[in-house]
Amino acid sequence: MTRYIMAIDQGTTSTRAILFDEAGKIRGISQKELPLFYPDNGWVEQNPEDIWEDTLYVCRAVLNQLSVNAIDVAAIGITNQRETTVVWDRETGEVLYNAIVWQDRRTAGICDALRAAGHEDLFTQKTGLLLDAYFSGTKVQWILDNVEGAREKAEAGKLAFGTIDCFLLWRLTGGRVHATDITNASRTLMYNIVTQDWDDELLALLRVPRRLLPEVRDNSGDFGRTDMLGAPIAIGGMAGDQQAALIGQACFKPGMVKSTYGTGCFALMNIGSEFRPSKNRLLTTVAYRLGGDVCYALEGSIFVAGAAIQWLRDGLGILKSAGETEAMATSVENNGGVYMVPAFTGLGAPYWNPHARAAITGLTRGASAAHLVRAGLEAQAYQTEDLMRAMAEDAGKKLTEIRVDGGMVKNNWVCQFIADITATPVLRPAIIETTALGAAYLAGLHAGIFKSVDDIAARWQHERTFDVQMPADARAPLYAGWQKAVGQVLAGT
Ligand code: ADP
């Protein structure tokens, strides 16, 4: 009889449940779109009750769809949009405020004040992060300071904080388990990834009482069980989405890199068991902890990847669908000197400039829609090269391959161009749903379906390799053109 693993993938724009079989093959998917709310300039919220109801809905739907009994699900793995913050009442289970989403900028002023007081270095040395509104800590502070009575309740131990993984776990276990995993904890600005504990000094600076915080566990292990799906099912794995993708890509050795091209682009490099803060404005974060052994990663976050293609489609109307971009890009011989710097919401790593805005440079009367599309696709490779250079410098060695995933890598031309500009072979996996796969691997490890990370690594398969084809003398002027365009954008801030 087949045993299944269920992955819950709670993302920013949708919630999905995916059933994998014991071989790690996808058997079924159920998905529900999730609305975002923008109540004020730079504010981004979601309703935690929507997130919870959608999660239950997709879990039940995927079981029904395949006529699978909950008894045949060996374990559940949870992966989630990271940093998004929920605070709830331990007694009533009610949330105090909407979920404040990772994209929300309302706490930028709190970060500025902490930076002005000279605290950024302390946060970086302990958390590997930069002081940015992106992370959870200042969002918790905002809820405690702005919801009536919240601070008193928090001091009295009546409230609980959690990122989405933790909130879902608490609900799935009927309030029995208030725990998170170390990758999600590492995105809060409150968790010391060196000592692997919540940090009292940082908590004092953020004015967050320790009593609010969940217990932090390994990524694979006993997270309790849920009785909500018809029969008790163990929850055996948990990781933030980008770390889950790193695991789903089987990047278990130092130096291995995965790069995900969805709405944004997130590249992670395994750096092994030693914590090292980046010297090149990347983040250091926990890749995973298994059996008590921690592994760190360098992370480069770029806010706009596929979103640039969406803008060409919806903002400019020069495309009907993202799938057309490949033919358009190859309809012209080269970029014609046109570059797009897609800094629609500022520039992320390694520039971290929230004031930058997007630009298209090098336009002549010969420029066509195809050149703009090509520039939008080319930008993905140049942004990747920016990150790879920073990573190689931090790691002290050149990368040997890049494992790619995300909706954009269906585009063969983009994959080839990334290989050419980074001068590094690009590997596209057979299973492109790497985030859910990573969560399934973690749960399957706990359930004994997968024996070890070596067992998982042996199962990982690539569908295609894109080898470097471009000669160095063609690459150099292209990348120099990008650097010039970025320079123009930065000069305008
Ligand atoms: P997310 O998980 O962030 O919602 P996905 O991984 O589903 O995103 O990727 C969707 C993104 O990929 C969209 O922004 C879309 O524009 C882009 N995309 C999808 N197909 C292609 C393609 N063939 N060429 C280029 N971009 C594509």
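Residues numbered from 1 in each chain as written. Predicted model: local features only at pLDDT ≥ 70, side-chain atom pairs only at ≥ 80, totals over all residues. Heavy atoms only, no water.

Caption draft 1: Highlighting the sheet that holds strand 14 (residues 233-240). On the basis of which strands lie adjacent, the open sheet formed by 6 strands has the order 3-2-1-5-14-13 and mixed pairing. The open sheet terminates on both sides in strands that have one partner only, identified here as strand 3 (26-33) and strand 13 (225-226). With 5 bridges connecting them, strand 5 (residues 73-80) and strand 14 associate as parallel partners. In the sheet register, Ile78 faces strand 14, and the bridge partner there is Met238. Across the sheet, helix 1 (residues 48-65) touches strand 1 (4-10), strand 2 (14-21), strand 3 and strand 5, and the angle it forms with strand 3 is around 150°. (Pairing = 2+ DSSP bridges. Helix = DSSP H or I, 4+ residues; strand = E, 2+ residues; numbered from the N terminus. Contact = heavy atoms within 4.5 Å. Axes fitted to C-alpha atoms, helices over the stretch in contact; angles between N-to-C directions.)

Caption draft 2: Geometry of the packing of aromatic side chains. One pass over the full model with this rule turns up 17 aromatic pairs. Judged by centre distance (4.7 Å) and plane angle (35°), the rings of Tyr134 and Phe135 are tilted. Note on Tyr134: relative accessible area 2%, which makes it buried. Taking the centre distance of 4.9 Å and the plane angle of 15° together, the rings of Trp413 and Phe417 count as stacked. (Phe/Tyr/Trp six-rings, centres within 6.5 Å; stacked < 30°, edge-to-face > 60°. Buried < 20%, exposed > 50% of the residue type's maximum accessible area, 1.4 Å probe, protein only.)

Caption draft 3: Layout of the packing of helix 9 (residues 241-248) against helix 14 (residues 434-447). Where helix 9 meets helix 14, the axes come as close as 7 Å, and the angle between the chain directions of the two elements is 75°. With respect to helix 14, the axis of helix 9 lies roughly perpendicular. Residues Asp241, Ala244, Ala245, Ile247 and Gly248 of helix 9 touch helix 14, and the partners they reach there are Thr434, Thr435, Leu437, Gly438, Ala439, Tyr441 and Leu442. Split by residue class, the contact of helix 9 with helix 14 holds 7 nonpolar, 4 polar and 1 charged. (Parallel < 35°, antiparallel > 145°, perpendicular 65-115°, else oblique. Nonpolar A, V, L, I, M, F, W, Y, C, P; charged D, E, K, R; others polar.)

Caption draft 4: Structural view of the site of the ligand. The environment of the ligand is formed by 15 residues, the closest being Thr263, Gly306, Gln310, Gly407 and Asn411. For the ligand, whose accessible area on its own is 580 Å², the fraction buried by protein is 70%. A total of 4 residues in the shell around the ligand trace back to one element, the largest contributor, which is helix 10 (residues 306-315). (Near = heavy atom within 4 Å. Areas by Shrake-Rupley, 256 points an atom, 1.4 Å probe, with all protein chains shown as cover.)

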